[in-house]
Amino acid sequence: VEYLLSVGASALAQDHHGHTPWRRAVSNKHEDCALLLKEGWQAVLDPESCSIVDPAETQRFVEIPDSLIAVVRAKGDVVLGKTEAAIDAGYPIDHQDSDGMSLLMASAEAGGAATIRLCLFSTFALKDSKGRSVAHYAANSEKSIAILIREAPQVLSMLLEQDIGGETALHMVAAAGHVPPVLVELLREHRSEIDLDDVRDKDGNTPLH
């Protein structure tokens with residue numbers, strides 16, 4: 001569903017009975033699909049939809065990079081078109097705001113799958129003012145973590161890094177209770193290299209704590 005939406009399938013299309021994909025997903029109790037479809041039609045109906053790109057606004061994003069980070073953090077993929085236009089116009093992709101947040105970090109926090117993919121060529125090693133990487137920002141979104149692991153395997157080592165407060169992204173993922181299957185598979189694949197009992201926060205807790 002996520003892929004079809006990303007390549008232009010309409011979340012508002014109706015069948016011969018007037019039913020949208022969202023209604024069918026709800027009727028069949030496919031909650032994850034229903035949520036994705038809801039996000040899809042909200043993006044179409046939202047006045048700040050990805051289809052509306054204002055050249056003046058695009059230039060403002062390039063000249064004031066913090067403004068795009070704030071918008072993406074709040075809207076995620078809803079402003080995909082605006083984000084893409086700003087990057088094409090020369091947006092400094094590795095820019096960090098006063099808190100150290102980058103566009104990739106904002107996309108990860110917002111759970112914006114398409115926006116994350118758009119920013120994958122940026123510098124992954126960036127840290128914010130609290131020592132947090134993109135992995136920390138993705139920790140509360142199963143979708144963000146899954147995309148980063150599938151398309152940027154280097155994020156695995158970043159899951160194990162502590163921020164200034166001594167917390168790892170892996171601890172945050174475990175605490176949020178949504179460890180995606182792709183992460184489980186990756187940890188199994190690298191279990192000879194990673195001893196999870198050695199992954200501890202400042203208080204000595206493992207992810208299981």
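Check the entry above for the structure.
These lines cover the structure that appears in this document, whether it is placed above or below.

What counts, and at which threshold
Each chain has its residues counted from 1, following the order in which its sequence is written. Given that this is a predicted model, residues contribute local features only at a pLDDT of at least 70 and side-chain atom pairs are listed and counted only at 80 or more, while totals for whole chains, interfaces and linings are drawn from all residues. Heavy atoms from the whole structure form the basis of all side-chain values; hydrogens and water molecules are not counted. In this description, a nonpolar core means a group of buried Ala, Val, Leu, Ile, Met, Phe, Trp, Tyr and Cys residues linked to one another through side-chain atoms lying within 4.5 Å. Burial classes follow relative accessibility: with a 1.4 Å probe on protein chains only, a residue under 20% of its type's maximum area counts as buried, one over 50% as exposed, and anything between as partly exposed. Each helix corresponds to a stretch of at least 4 residues labelled H or I by DSSP, and each strand to a stretch of at least 2 residues labelled E; elements are numbered beginning at the N terminus. Note on definitions: a residue-residue contact is assigned when non-hydrogen atoms from the two residues lie within 4.5 Å. Definition used for salt bridges: Asp or Glu carboxyl oxygen within 4 Å of a side-chain nitrogen of Lys or Arg. Lining residues are defined by having an atom within 4 Å of a point belonging to a cavity or pocket. Those points lie on a 1 Å grid over the protein atoms alone, cavities being sets where a 1.4 Å probe fits but cannot get out and pockets being open sets with protein on both sides within 12 Å along at least five of seven lines. Grid points are joined across faces, edges and corners, and a volume is the space filled by probe spheres set on the points. Ten residues, namely Ala, Val, Leu, Ile, Met, Phe, Trp, Tyr, Cys and Pro, are considered nonpolar, four, namely Asp, Glu, Lys and Arg, are considered charged, and the remaining ones, Gly among them, are considered polar. Fitting a line to C-alpha atoms yields each axis, with helices limited to the stretch in contact; the angle taken between N-to-C directions then spans 0 to 180 degrees. Comment on the angle field: the value is read as roughly parallel under 35 degrees, roughly antiparallel over 145, roughly perpendicular from 65 to 115, and oblique elsewhere. Left-handed describes a crossing whose near helix is turned anticlockwise from the far helix by less than a right angle; the clockwise case is right-handed. Side-chain atoms alone can form a polar contact between residues adjacent in sequence; in general such a contact is a pair of N or O atoms within 3.5 Å, and within protein one must be able to donate a hydrogen while the other accepts it.

## Brief notes about the nonpolar core
With 40 residues, the main nonpolar core has Tyr91, Leu103, Phe124, Val134, Leu148 and Leu159 as its most contacted residues. Residue contributions to this core peak at five residues, all from helix α7 (residues 103-110). Excluding residues within four positions of it along the chain, phenylalanine 124 makes contact with Leu104, Val134, Leu148, Ala152, Gln154 and Met158.

## Details of the pattern of salt bridges
Counted under the stated rule, the structure contains seven salt bridges. Two residues, arginine 117 and glutamate 151, come together in a salt bridge whose shortest N-O distance is 2.7 Å. Of this pair, arginine 117 sits in helix α8 (residues 113-118) while glutamate 151 sits in helix α10 (residues 142-151); the two residues are 34 residues apart in sequence, bridging distant segments of the chain. Residue classification places glutamate 151 among the partly exposed residues on the basis of a relative accessible area of 37%. The partner of arginine 132 in a salt bridge is aspartate 163, with the nearest N and O atoms 2.9 Å apart. Of the two residues, arginine 132 is situated in the loop between α8 and α9 (134-138) and aspartate 163 in the loop between α11 (155-159) and α12 (169-176); the sequence distance between them amounts to 31 residues. What makes arginine 132 partly exposed here is its relative accessible area of 25%. Judged by its relative accessible area of 8%, aspartate 163 is buried.

## Considerations on the layout of surface pockets
Computed from the structure, the second largest pocket encloses a volume of approximately 200 Å³. Of the residues in the lining of the second largest pocket, the class split is three nonpolar, three polar and seven charged.

## Let's talk about the packing of helix α5 (residues 65-75) against α7
Across the interface, α5 lies against α7 with an axial gap of 7 Å and an inter-helix angle of 15 degrees. Taken as axis vectors, α5 and α7 run roughly parallel relative to one another. Of the two possible hands of crossing, α5 and α7 adopt the one that is right-handed. On α7, the residues touching Leu68, Ile69, Val72 and Arg73 of α5 are Leu103, Ala106, Ser107, Glu109 and Ala110. In terms of residue class, the contact of α5 with α7 is built from six nonpolar, one polar and two charged.

## Thoughts on the side chain of serine 144
By secondary structure assignment, the location of serine 144 is in helix α10. Its relative accessible area of 0% is what places serine 144 among the buried residues. For serine 144, the side chain forms a polar contact with the main-chain oxygen of alanine 108, separated by 2.7 Å. Setting aside anything within four residues of it in sequence, one finds serine 144 in contact with Ser107, Ala108, Gly111, Gly112, Ile116 and Ala138.

## Some points on α7
For α7, a buried count of six out of eight residues is recorded, marking the element as mostly surrounded by other parts of the structure. Within α7 the residues assigned to the buried category are Leu103, Leu104, Met105, Ala106, Ser107 and Ala108. In this structure, the buried residues of α7 make contact with α5, α6 (80-88), α8, α9 and α10. Once α7 ends, the next one or two residues include glycine 111, with phi positive near 70 degrees.

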